[in-house]
Every structure is written in C-alpha cells, then in structure tokens.
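Report on the structure
Here's the letter readout for the chains.
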Amino acid sequence: MFALGKLSLIILTRCDLKCRLCCEYVPQNKPFPDMTVPEAERILKAAFDVAEHINTLHLTGGGEPFLHPKLPELVHAAMRYQEQFDTLMLFTNSTVPLSDSLKEVLRTYGQKILVQASRYGLYPEREEAVVNDLKACGVRLKIEKYYGEDQSFGGWVDFGPWEARGRTPEELESIFKECSVTRVLKGNWRTRDGKVHWCSRSQRGMELGLIPDMPEDYVDLLDETQTVEEKRQKFLQIASRRYLSACDRCSGDAGTENQEKRHPAAEQMS
Ligand code: SF4
Ligand code: SF4
C-alpha cells in the first residue's frame, strides 16, 4: 500500500495576526485567493488516488484557517475520504470565534478531528472562548502554549532570508538530515495548488517566486500527463533526496536543540 504520514492542504494565505517570524511569511506577502471547495475536491481526489492511506490530513494555512468562510464545507469534502485517513487535523491561532456552521461540523465528526490550538497570549479572552467552544464540540484538542516561560518547543525558530547561502553539498546534506522535517516528520508534505512539497520553505518559497521553480522538488498531483504510479515514484524520489534546493535558502534551524536559536513566539510587527 502506498501511504503518506501527513498531507496538508493550504486552504488560505491570510491571517488576522502579523507575527514577525511567521514561517509562512504571511504578513509580508499579499494573500493568494482562498482555496475554493471545488479546488479542494480536485486536490483531494488526486491525493487519494495516489495515496491509498494518509495518517493525518491537515486543513491549514499559510494563515489562520478559521478565517476561511467555507471551512465547514472543506471539512465535509475531506470527510468523503475518511476511510483513507486516520485523523483530520485543523490548526487555529485561537483568535477567531467559531461560526455556528463550524461548530456543527466539528460536532458531527467529533473525535475524527484533532484541532491544534496555539495560544499566543495576545488576546487571552478570545483564546479562552475558542478553546472552550472546541472542547464543547467534542473534538480532540491539542493546545500549544506560546507565551511567557516554558513555551512549546522552546519558542520559534527563524528560517532567515531567502538568498542562497552557497553551501557545499556536504553542508546541505547535513542540514537536511538534521532538519526536524526530515528527522521527526519524515516529510511535511503540503500543497496549495496541487504541487506537493516536502516542507513549507520549499512550497512557500516557490509559490512566492523567492526560490527558483524546481519541478524535481515537488509532485504535481494535478499533472494529467503523469500516471498515479509515476506520482508515487516521485514522492519516493523526493523522500530519498539528500537535500532540496530550498535547503540552501533556509537557516536550517527547524528542530534545533540550541535554545539560543529559539525566539519568543508571535512577536507582532508594528
Ligand atoms: S498566526 Fe502568526 S505565524 Fe500563524 S499564520 Fe498568522 S501570522 Fe503566521
Ligand atoms: S528547506 Fe529548510 S525546512 Fe525544508 S528540509 Fe531544507 S532545511 Fe528543512
């Protein structure tokens, strides 16, 4: 069976916060149009044609997913494939109140859904209300505390500027191997437009034109000239790469144990 550990659909690229170290570079860039329900359906069909099973399917950003006005419909669209995945995961920065239709869809699917709610302590009352609503909906809930002392993961890392560093192949291999996307996640597969990348740096960098387009670094699920088997082979090829072109345009600090490279989360831009 061909399986993926996780796949993220980037359903929007806009946010109500402006975090300086946003790894998606949302505040610094103009958003793309939100993913429509038909677009999501097309990508989901292509994804589940290729992957017979996905452990965790994410509906996420590039931004704050709870701002997407069609999130309930997107959840329903994803749930058509619920026999082919274990968990549907949603992310939120816990600042956007749940709509009635979102509460209803969360109650409908309950424990099949896991919501990761980040709490930045910027709007404590709003965060408390969102967390309480999620609890009342009966979903699984994972809260990441990102304020004060003892922040989750010791805080955030800075992926740095997009310019090429000119690293040697040995240096690139080393940062790719040590990167938490490789070491821990075994691939943070993600797509906004059908092109599935190994990590957010690669996906976001190429869609923003900050990294040259490298078709060998992604699987285009919507490419009708390729067979399902060819797309599976491409996933395997990328997973066995020694590094990606994006690794030369990245600090390589994801997953670092060096606390000096960790920063307080969600510092807001003026
Ligand atoms: S909450 Fe902050 S880190 Fe998350 S998408 Fe919005 S701006 Fe980026
Ligand atoms: S580009 Fe950065 S985040 Fe992506 S695999 Fe390379 S080192 Fe890791």
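In case you missed it, the structure is sitting above this.
Keep in mind it's a predicted model, so treat the numbers as computed, not measured.

1. Examining the site of ligand 2
By nearness alone, 15 residues border ligand 2, and Cys-179, Cys-199, Ala-246, Cys-247 and Cys-250 come closest of all. Those elements that place two or more of their residues in the shell around ligand 2 are helix H5 (169–178), helix H6 (180–183) and helix H7 (200–207). Across the shell around ligand 2, the residue classes tally to 11 nonpolar, three polar and one charged.

2. As for the packing of helix H2 (residues 71–79) against helix H3 (residues 100–109)
The description of two helices packed together rests on the angle between their axes and the distance between the axes. The geometry of H2 relative to H3 is characterised by a closest axis approach of 8 Å and an angle of 25 degrees between their N-to-C directions. Of the possible angle classes, the one that applies to H2 and H3 is roughly parallel. Taking contact as the criterion, the partners of Leu-71, Pro-72, Val-75, His-76 and Met-79 in H2 are, on H3, Ser-101, Leu-102, Val-105 and Tyr-109. For the contact of H2 with H3, the per-class residue count stands at seven nonpolar, two polar and no charged.

3. Let's talk about the site of ligand 1
Not every one of the 13 residues close to ligand 1 is listed here, only the nearest: Cys-15, Leu-17, Cys-19, Cys-22 and Asn-93. Residue composition of the shell around ligand 1, grouped by class: seven nonpolar, three polar and three charged.

4. Notes on the pairing of strand S3 (residues 85–92)
For S3, a buried count of six out of eight residues is recorded, marking the element as mostly surrounded by other parts of the structure. As a crossover connection, the stretch from strand S2 (residues 53–61) through H2 into S3 is right-handed. Where S3 lies against strand S4 (residues 113–119), five bridges are found, and the strand directions are parallel. Considered in S4, the bridge of Leu-90 is made with Val-115.

Calculation rules
Every chain's residues receive numbers from 1 upward, in the order its sequence appears when written. Throughout, the order in which chains and ligands are written sets their labels, letters from A for the former and numbers from 1 for the latter. Per-residue local features are limited, in this predicted model, to residues with pLDDT of at least 70; the limit for side-chain atom pairs, both in listing and counting, is 80 or more; totals at the level of whole chains, interfaces and linings are taken over all residues. Working rule for contacts: place C-beta from the backbone, and if it is within 6 Å of a molecule or strand, that residue counts as near it. Every helix listed is a DSSP run of H or I at least four residues long, and every strand listed is a run of E at least two residues long, numbered separately from the N terminus. Ten residue types, Ala, Val, Leu, Ile, Met, Phe, Trp, Tyr, Cys and Pro, are classed as nonpolar, four, Asp, Glu, Lys and Arg, as charged, and the remainder, Gly among them, as polar. Angular values range over 0 to 180 degrees, each being the angle between N-to-C directions of two axes fitted as lines to C-alpha atoms, with helices fitted over their stretch in contact. For classification purposes, angles smaller than 35 degrees are called roughly parallel, those larger than 145 roughly antiparallel, those between 65 and 115 roughly perpendicular, and all remaining angles oblique. Distance between backbone-placed C-beta atoms decides contact: two residues are in contact if it is within 7 Å. Three classes are used. A residue is buried when 20 or more other C-beta atoms lie within 10 Å of its own, exposed when 12 or fewer do, and partly exposed in between, with C-beta atoms placed from the backbone. Orient the strands so they point away from the viewer; a crossover is then right-handed if the path from the first strand over the helix to the second runs clockwise. For two strands to be treated as a pair, DSSP must find no fewer than two bridges joining them.

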